[in-house]
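Structural characterization, general
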Amino acid sequence: RVAYVNGRYVPHREARVHVEDRGYQFADAVYEVIGVVNGRFLDEEPHLDRLDRSLKELRIAWPIARGALKLVLRETVRRNRVRNGLVYFQVSRGVARRDFGFPKRVRPSLVVTARATPPVSADPGPGVAVITVPDIRWKRVDIKTTGLLGGALGKQKAREQGAYEAWQVDNDGLVTEGTSSNAWIVTSAGELVTRPIGHEILAGITRQTVKKVAADLQLAVVERPFSVAEALAAREAFMTSATSFVTPIVRIDGKPVGDGRPGDVARRLRAEYLRAVSVAEPF
Ligand code: PMP
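All of the points below concern the structure found in this document. Small disclaimer: the values here were computed from a predicted structure and weren't measured. (Residues numbered from 1 in each chain as written. Predicted model: local features only at pLDDT ≥ 70, side-chain atom pairs only at ≥ 80, totals over all residues.)

**With respect to the overall build of the protein**
- Secondary structure assignment for the protein yields seven helices and 15 strands.
- Whereas a compact globule of 283 residues would reach a radius of gyration of roughly 19 Å, the protein reaches 19 Å, a difference of no more than 12%.
- Counting only C-alpha atoms, the protein reaches 55 × 45 × 35 Å along its principal axes.
- By the burial criterion, 40% of the 283 residues in the protein qualify as buried.
- Intrachain contacts of the protein at a sequence separation of at least 6 include 70% that bridge at least 24 residues. (Helix = DSSP H or I, 4+ residues; strand = E, 2+ residues; numbered from the N terminus. Rg over C-alpha atoms; globule rule 2.2 N^0.38 Å. Buried ≥ 20, exposed ≤ 12 C-beta atoms within 10 Å, placed from the backbone. Contact = placed C-beta atoms within 7 Å.)

Here is the structure:
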């Protein structure tokens, strides 16, 4: 495997940044993950737009021009022979003597890695279980920073309980989002419900694309917060992310959602999403 680090392609096991990198010390860094399916980048431009927004929020400069970054992403995927998988890229403010305030002259660090995953299927399989945990993250999770400890603790708890994802819940008992995914339900009235964009969730790119796919399928999408109780009473639940696409959720805190099997809406959205990005099996 090969990684890109600040202008060089290096063997993955030798890829390093300095101990005084601000990403390491302060999580003063932002990142993106783009899914690669059959050699295609999914929603590349929206991911780069979101990187631009994250960088602007933190006043970090682009490490290289957008067009150059696109070439580096392609080259990293090519050198790692990834046809199905993901490309990860991270920009930190750079290396400087440790100090909370921003350093004066600093060059941002850019790291790119790529990894293969098993090919995707339009068939969602049996669906996944989630648990619910208090949302203990900071108050600006709309900025895609590497400050991910809150989510990491939630995901670990999920794993220890045999679940795939943790839904984080705010102080009002309303679901914000998964640790690395956006959260959706389908009500008994057939409405798709997902939390509106704000500082409390990451504006998922897959969430945005799935909204369009739902509109194409003439499904009603309502953006409002929902509670855990409402999710348990829902007909269906599912999650969206660049690497899980649309994945049905069949259990919440050990209790079945609907009949405990992947629902029709989630199935259709997954198939249609993958078709929209031109990767589903022919059907
Ligand atoms: N929320 C969080 C906290 C995430 O980390 C992710 C995955 N990056 C998502 C939502 C889903 O976003 P996307 O669809 O852009 O992968």
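**Digging into the packing of helix α5 (residues 205-216) against helix α7 (residues 264-276)**
- Axis separation between α5 and α7 bottoms out at 10 Å; the angle between their running directions is 105°. With respect to each other, α5 and α7 are oriented roughly perpendicular. Residues Thr209, Val210, Val213 and Ala214 of α5 touch α7, and the partners they reach there are Leu269, Glu272, Tyr273 and Ala276.
- Looking at the contact of α5 with α7, its residues break down into six nonpolar, one polar and one charged. (Axes fitted to C-alpha atoms, helices over the stretch in contact; angles between N-to-C directions. Parallel < 35°, antiparallel > 145°, perpendicular 65-115°, else oblique. Nonpolar A, V, L, I, M, F, W, Y, C, P; charged D, E, K, R; others polar.)

**A few points about the site of the ligand**
- As a matter of local geometry, the ligand sits amid 14 residues, with Leu202, Gly204, Ile205, Thr206 and Ala242 nearest to it.
- Secondary structure elements with two or more residues in the shell around the ligand: α5 and β13 (236-241).
- The greatest single-element share of the shell around the ligand, amounting to three residues, is contributed by α5. (Near = placed C-beta within 6 Å.)

**Quick word on helix α3 (residues 66-79)**
- Spanning 14 residues, α3 covers 20 Å between terminal C-alpha atoms, matching the ideal 20 Å at 1.5 Å per step.
- Turning to α3, its buried residues are Leu69, Leu73, Thr76 and Val77. The buried residues of α3 occupy one face: seen down the axis, they fall within an arc of 100°. Turned more than 90 degrees away from the buried face of α3 sit Gly67, Ala68, Leu71 and Arg78, all of them exposed.
- In the core, the buried residues of α3 are packed alongside β1 (2-5), β3 (29-37), β5 (85-92) and β6 (109-116).
- Directly beyond the C-terminal end of α3, a positive phi value near 55° is found at arginine 81. (Expected span 1.5 Å × (residues − 1). Arc of directions from axis to C-beta.)

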